[in-house]
Amino acid sequence: AFGVIADIQFADAEDGHDFGGCRRRYYRHSLRLLREAVRAWAGESPPIDFVLQLGDSIDGQNARRGESESALQQVLEVLGQLSVPVHHAWGNHELYNFSRARLVHTGLYSRPAGGSDGPPDSECHAYHCSPAPRLRLVVLDAYDVSTLGTDPGSLRYQESLRVLREKNPNDDLNSPTGLKEPHFVAFNGGFSQAQLDWFNEVLKFSDENQEKVIVAAHLPIHPSASNGVCLAWNYEAALAVIHSHGCVVCVLAGHLHDGAYCLDTHGVHHLTLEGLIETPPESNAFGTMYVYEDKMVLKGGGRIPDRVMHF
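Let me begin by describing the structure that accompanies this report.

Criteria and thresholds
- Residues numbered from 1 in each chain as written.
- Predicted model: local features only at pLDDT ≥ 70, side-chain atom pairs only at ≥ 80, totals over all residues.
- Heavy atoms only, no water.
- Helix = DSSP H or I, 4+ residues; strand = E, 2+ residues; numbered from the N terminus.
- Contact = heavy atoms within 4.5 Å.
- Axes fitted to C-alpha atoms, helices over the stretch in contact; angles between N-to-C directions.
- Parallel < 35°, antiparallel > 145°, perpendicular 65-115°, else oblique.
- Left-handed = near helix turned anticlockwise from the far one by under 90°.
- Nonpolar A, V, L, I, M, F, W, Y, C, P; charged D, E, K, R; others polar.
- Core = buried A, V, L, I, M, F, W, Y, C linked by side-chain atoms within 4.5 Å.
- Buried < 20%, exposed > 50% of the residue type's maximum accessible area, 1.4 Å probe, protein only.
- Pairing = 2+ DSSP bridges.

### Some details on the environment of Gly3
Reasoning step 1: Within the secondary structure, Gly3 is located in strand S1 (residues 2–5).
Reasoning step 2: When residues no more than four places from it in sequence are discounted, the contact partners of Gly3 are Trp41, Ile48, Phe50, Val51, Leu52, Gly287 and Thr288.

Printed below as a string of structure tokens:
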């Protein structure tokens, strides 16, 4: 069993709204809701094995307020009350607050030391582990190719900008207006070929060892588990890797605060979790996932509905 939560986006700030100006965001309350989630997970019997934090742990406005470090510390302190590991995916809001080089030295870098569990690039926050026999968790870095959190003079930035500009001619690169492929916006990102090659090798190993694999990333990688905008740039490439193997049973993501779900044509469940940040103080948005031989059962809290996903 493991806990799941997405888009905490904590800031010590008054309530605000999303970019469209119509959805309320409860910046300060998100920390209190996280505490409630941690209390619920700590009370689970039998105990959970880990927690999966699907990205956007703190809000981008912390950077403007000079509060990035303190906001992150507060979130990590709450999660640190758990006696189990927390696996972090990196989202766009992490990269609004910190450079990739800095994130490597924060508590959000949950890739194991030594490097053998992830791609050669140590700043690529992708890795895998086996939390139980014949079960593997793979955390992907959906911003490996991105203009966020990288030095504009770097090769990574220049290549990412080229990919983005090819598809998005808008002055505002965060705007999907008029785009044939509206997911090519700056608040999304993609997977490098090196990460995809590594991912392919991990799934090959899992196939050979008859493992079931749960994949986690901040960005959805299936259009039907998205709104068409909140989606990884090269989601087709990631799906192609997954579909060339038989071991992946579920892909978990955040980013789209409304949440979404689909079962794809290859029998893979794609579950996008509702965001904590847009959850009213009297509700909540977290879940506990129970993994069995033939299914995963999500027990939701607040906005997150219960769900049974058969393999």
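### Regarding the packing of helix H7 (residues 193–208) against helix H8 (residues 235–243)
Reasoning step 1: Between H7 and H8, the least distance of the axes is 9 Å, while the angle of their chain directions is 20 degrees. Overall, the two elements H7 and H8 adopt an arrangement that is roughly parallel. H7 and H8 meet at a crossing whose hand is right-handed. Two secondary-structure elements touch here, H7 through Leu196, Phe199, Asn200 and Leu203 and H8 through Ala237, Ala238, Val241 and Ile242.
Reasoning step 2: For the contact of H7 with H8, the class distribution of residues is 7 nonpolar, 1 polar and no charged.

### Some remarks on the nonpolar core
Reasoning step 1: Ranked by size, the top nonpolar core spans 82 residues in total, and within it Phe2, Leu34, Trp41, Phe199, Ile221, Val248 and Leu252 carry the most contacts.
Reasoning step 2: Here this core gets 6 residues from one element, more than from any other, and that element is helix H1 (residues 29–42).
Reasoning step 3: With residues near it in sequence (within four places) discarded, Trp41 still touches Gly3, Val4, Ile5, Ile48, Val51, Leu82, Phe286, Gly287 and Thr288.
Reasoning step 4: Among the nonpolar cores identified, the runner-up in size contains 7 residues, and Leu179, Val185, Phe187 and Cys230 belong to it.

### Some details on the sheet that holds strand S10 (residues 260–263)
Reasoning step 1: The sheet built from 6 strands is open, its strands ordered S6-S7-S8-S9-S11-S10 with mixed pairing. At either end of the open sheet lies a strand with only one pairing partner, and these are strand S6 (127–132) and S10. Averaged over all adjacent pairs, the angle separating strand axes in this sheet is 15 degrees, with direction ignored.
Reasoning step 2: Relative to strand S7 (residues 135–139), S6 runs antiparallel, the two being bridged by 4 bridges. Bridging across to S7, Tyr127 finds its partner in Val139.
Reasoning step 3: Against the sheet, H7 contacts S6, S7, strand S8 (212–216) and strand S9 (248–253), and its axis sits at roughly 175 degrees relative to S7.

### A closer look at the sheet that holds strand S13 (residues 295–302)
Reasoning step 1: If you walk across this open sheet you meet the 6 strands as S5-S4-S1-S12-S13-S14, and the pairing is mixed. The sheet is open, and its two borders are formed by strand S5 (86–88) and strand S14 (307–310), each paired with just one other strand. Strand after strand, the sheet turns through a mean of 20 degrees between neighbouring axes, direction not considered.
Reasoning step 2: The sheet contact formed by strand S4 (residues 50–53) and S5 spans 3 bridges and is parallel. Considered in S5, the bridge of Leu52 is made with His87.

### Details of the environment of Phe311
Reasoning step 1: By the secondary structure assignment, Phe311 is in the segment after S14.
Reasoning step 2: Residue Phe311 is classed as partly exposed on the basis of its relative accessible area of 35%.
Reasoning step 3: Here the alpha-carbon distance between Phe311 and Phe50, two residues 261 residues apart in the chain, equals 22 Å.
Reasoning step 4: Each residue touching Phe311, except ones within four places of it in the same chain, is listed here: Lys212, Val249, Tyr292, Glu293, Asp294, Lys295 and Met296.

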